[in-house]
Amino acid sequence: MTAVKSYAAVDLGASSGRVMVGRVGPDSLELTEAHRFPNRPVRVPPEGLRWDVLSLYGGVLDGLRAAGQVDSVGIDSWAVDYGLLDADGALLGNPVHYRDSRTEGIAEKVWATVPADELYAATGLQYAPFNTLYQLLAARSSAQLSYAERLLLIPDLLTYWLTGEQGTELTNASTTQLIDPRTRTWSSDVASRLGIDLGLFAPLRQPGDPAGVLRPAVLEETGLAGPVPVTTVGSHDTASAVAAVPAGGERFAYICTGTWSLAGLELDAPVLTEESRRANFTNELGLDGTVRYLRNIMGLWLLQECVRAWGDPELGGLLLDAAKVPALRSVVDAGDAAFMAPGRMPERIAEACRASGQPVPESPAEVTRCILDSLALAHRRAVEDAQRLAGHPVDVVYVVGGGTRNALLCQLTADACGLPVVAGPTEAAALGNVLVQARAHGLVGDLAGMRGLLTRTQPLTRYEPRGDTARWREAQARLAVG
């Protein structure tokens, strides 16, 4: 009988990090939280918004200490951001936060050299002002970049501190706008035209590749007995989350919910058409040669910011009150860049409703219902557009991530899409992280085998659509979107 093994999944989100322990056997999968810690960005004048990456690393060490002895460690996080190292391997300042304003106006300068349609045809990545490509161009004249010998994306940076080994994990690299999704390697043509030195990047790694072992100093600090291997996982948290979609053989769409909603399809090849570019779909890389064809939607960030502005009221009561508010009274475009920055979110939502001639939500319950209706509508548009652009119809929508706890949002998404929604698992990114480690050590098989284990072991909730979708079409028409 194969013994159960334990894996530490370091899963870093935009507002918190955690170390989860997954115990995996041939027909068992259990996940527990060892340690959770805040991720608080800091605004440093005159530099701007920065990640406190040293605090995050301290949280990782505390988490590994709390996890106890494990058979492997894997790290995933948000995408696009990076740390710069000098010739001695020392960090050159705290990494810049993707919500920092330094990339304003940079895209237009990039497009003057590589037009937007050519850039999309080469990299398949949607326009987002914070893509690594734009960050690098914004930093071109900075002292830090001039002294840098190495660029490591956030999970790779933490892996380097744990092991002393440097690499660039592929699924995360695909968010830089410097990877060709057809060849799954660097786009040297785009880089050379824009004067970006690809030598800054460490060699590419695939999910499942070994990434070294914990350094002796790390073992001493965490109390772990070595050797403890570190395994490369889908280090973009969305790649890990999509790997944990508990789908069988049906045709499915997915929505990874949290601070962002990532809604789309899993495909065998990228969609690089001009129509796809204009619809702002991205082609990011997933496990086993797959492509995550999706659209970024602002997600529960809208509600998180409102809750913060209201003094952190109890969320359960707020959602109960929101369920009593008339449906689709007011909606906003949840993908609008106007909602990107923090601060004044209730006022900005009210202003958007006023500008579009809709009733202005006033109470927290009304604002919350506006947000949830708007997110469900954005989910509908993304799922519909993805099917049309990829020629890939679906029969069910899987919702994974933190939004699975929000039953109202899941039901509204089923209503808006006119399709069944299967919600779960909540800890999708951590589970995908764990399962890639387990697969690397021979405990589970291919992607279908990973998903089969999830289906057998994780609680799932099914939501059937209610009514027809006509009212959602009318709400969509109000926004003149799609």
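Here's what I pulled together on the structure shown here.

How each quantity is defined
- By convention here, each chain's residues receive numbers from 1 onward along its written sequence.
- Where local features are concerned, this predicted model is filtered to residues with pLDDT of at least 70; where side-chain atom pairs are given and counted, the filter is 80 or more; whole-chain, interface and lining totals use all residues.
- Values reported for side chains reflect all heavy atoms of the structure, with hydrogen atoms and water molecules removed beforehand.
- Numbering of helices and strands runs from the N terminus; a helix is a DSSP stretch of H or I covering at least four residues, while a strand is a stretch of E covering at least two.
- In this treatment the radius of gyration is a C-alpha quantity, and the globule benchmark scales as 2.2 Å times the residue count to the 0.38 power.
- Accessible area is worked out with a 1.4 Å probe on protein chains only. A residue is then buried under 20% of its type maximum, exposed over 50%, and partly exposed in between.
- Any two residues whose heavy atoms approach within 4.5 Å are treated as being in contact.
- Surface accessibility in these figures is a Shrake-Rupley result with a 1.4 Å probe; residues are shielded only by whichever protein chains are displayed.
- Orientation is described by axes fitted as lines to C-alpha atoms, over the contacting stretch for helices, and by angles from 0 to 180 degrees between their N-to-C directions.
- Here roughly perpendicular refers to angles of 65 to 115 degrees, roughly parallel to angles under 35, roughly antiparallel to angles over 145, and oblique to all remaining angles.
- Three categories are distinguished: nonpolar for Ala, Val, Leu, Ile, Met, Phe, Trp, Tyr, Cys and Pro, charged for Asp, Glu, Lys and Arg, and polar for the others, with Gly belonging to the last.
- Being paired, for any two strands, means DSSP has found at least two bridges between them.
- Geometry of aromatic contacts follows a simple scheme: Phe, Tyr and Trp rings, the Trp one being its six-membered ring, pair when their centres are within 6.5 Å, and the pair is stacked under 30 degrees between planes, edge-to-face over 60, tilted otherwise.
- To qualify as a nonpolar core, a set must consist of buried Ala, Val, Leu, Ile, Met, Phe, Trp, Tyr and Cys residues joined through side-chain atoms within 4.5 Å.
- In this analysis, the expected span of each helix is defined as 1.5 Å times one less than the number of residues it contains.

A few points about the overall build of the chain
The number of helices and strands found in the chain is 19 helices and 21 strands. Compactness check: the chain gives a C-alpha radius of gyration of 22 Å against a globular reference of 23 Å for 482 residues, within 12% of the reference. In terms of its C-alpha atoms, the chain occupies a principal-axis envelope of roughly 60 × 60 × 45 Å. In the chain, which comprises 482 residues, the share counted as buried stands at 59%. Taking the intrachain contacts of the chain between residues at least 6 apart in sequence as the baseline, contacts between residues at least 24 apart amount to 73%. Accessible area for the chain stands at about 18200 Å²; split by element, carbon and sulfur atoms hold 52% of it.

Topic: the packing of helix 15 (residues 364-390) against helix 19 (residues 470-479)
When two helices pack together, their arrangement is given by the angle between the helix axes and by the axis-to-axis distance. Two elements in contact, helix 15 and helix 19, have axes separated by 11 Å at closest approach and are oriented at 95°. As judged from the angle between their axes, helix 15 and helix 19 are roughly perpendicular. Residue-level contacts link Asp373, Ala376, Leu377, Arg380 and Arg381 of helix 15 to Trp472, Arg473, Ala475, Gln476 and Leu479 of helix 19. Looking at the contact of helix 15 with helix 19, its residues break down into five nonpolar, one polar and four charged.

Thoughts on the sheet that holds strand 19 (residues 396-401)
Taken in spatial order, the seven strands make up an open sheet running 17-18-16-15-19-20-21, and their pairing is mixed. A single partner strand is all that each edge strand has here, and the edge strands are strand 17 (282-285) and strand 21 (461-463). Ignoring which end each strand starts from, the neighbouring axes of this sheet average 30° apart.

Section: the packing of aromatic side chains
Using the criterion set out here, one finds eleven aromatic pairs in the structure. Each ring, one from Phe281 and one from Tyr293, has its centre 4.9 Å from the other, and the planes form 25°; the classification is stacked. Here Tyr293 lies in strand 18 (residues 291-297) and Phe281 lies in the loop between helix 11 (274-278) and strand 17, a separation of twelve residues in the sequence. An identical accessibility class is assigned to Phe281 and Tyr293; each is buried.

Describing unusual backbone geometry
Between Gly226 and Pro227 the backbone carries a cis peptide bond, its omega angle lying at -5°. Mapping Pro227 onto the fold places it in the loop between helix 9 (216-222) and strand 14 (229-231). Positive phi, normally seen in glycine, also occurs at Val80, with a value near 70°. With respect to the helices, strands and loops of the structure, Val80 is situated in the loop between strand 6 (72-76) and strand 7 (82-85). With a relative accessible area of 6%, Val80 lands in the buried category. Of note in the backbone geometry, Arg184 takes a positive phi value of approximately 60° without being a glycine. Tracing the chain through its elements places Arg184 in the loop between strand 10 (179-180) and strand 11 (185-186).

Some details on the environment of Gly403
Residue placement: Gly403 occurs in the loop between strand 19 and helix 16 (407-417). You can call Gly403 buried: its relative accessible area is 0%. The contact partners of Gly403, leaving out residues within four places of it in the chain, are Thr257, Leu300 and Cys410.

Some thoughts on the nonpolar core
Across soluble globular proteins, nonpolar side chains have a tendency to be buried as a group. Ranked by internal contacts, the top residues of the largest apolar core, which has 135 residues, are Val24 and Ile349. Sorting elements by how many residues they give to this core places helix 15 first, with twelve residues. The residues touching Ile349, leaving out its near neighbours within four places in the chain, are Cys306, Val332, Phe339, Pro361, Val367, Cys370 and Ile371.

Focus on helix 1 (residues 53-67)
For helix 1, with 15 residues, the first-to-last C-alpha span of 21 Å sits near the 21 Å given by 1.5 Å per residue. Restricting attention to buried positions, one finds in helix 1 the residues Val53, Leu56, Tyr57, Gly59, Val60, Leu61, Gly63, Leu64 and Ala67. Against strand 1 (5-12), strand 2 (16-25), strand 3 (28-38), strand 6, helix 6 (154-163) and helix 9 lie the buried residues of helix 1. Just downstream of helix 1, Gly68 is the residue with a positive phi angle, here 80°.

Geometry only, nothing functional implied.
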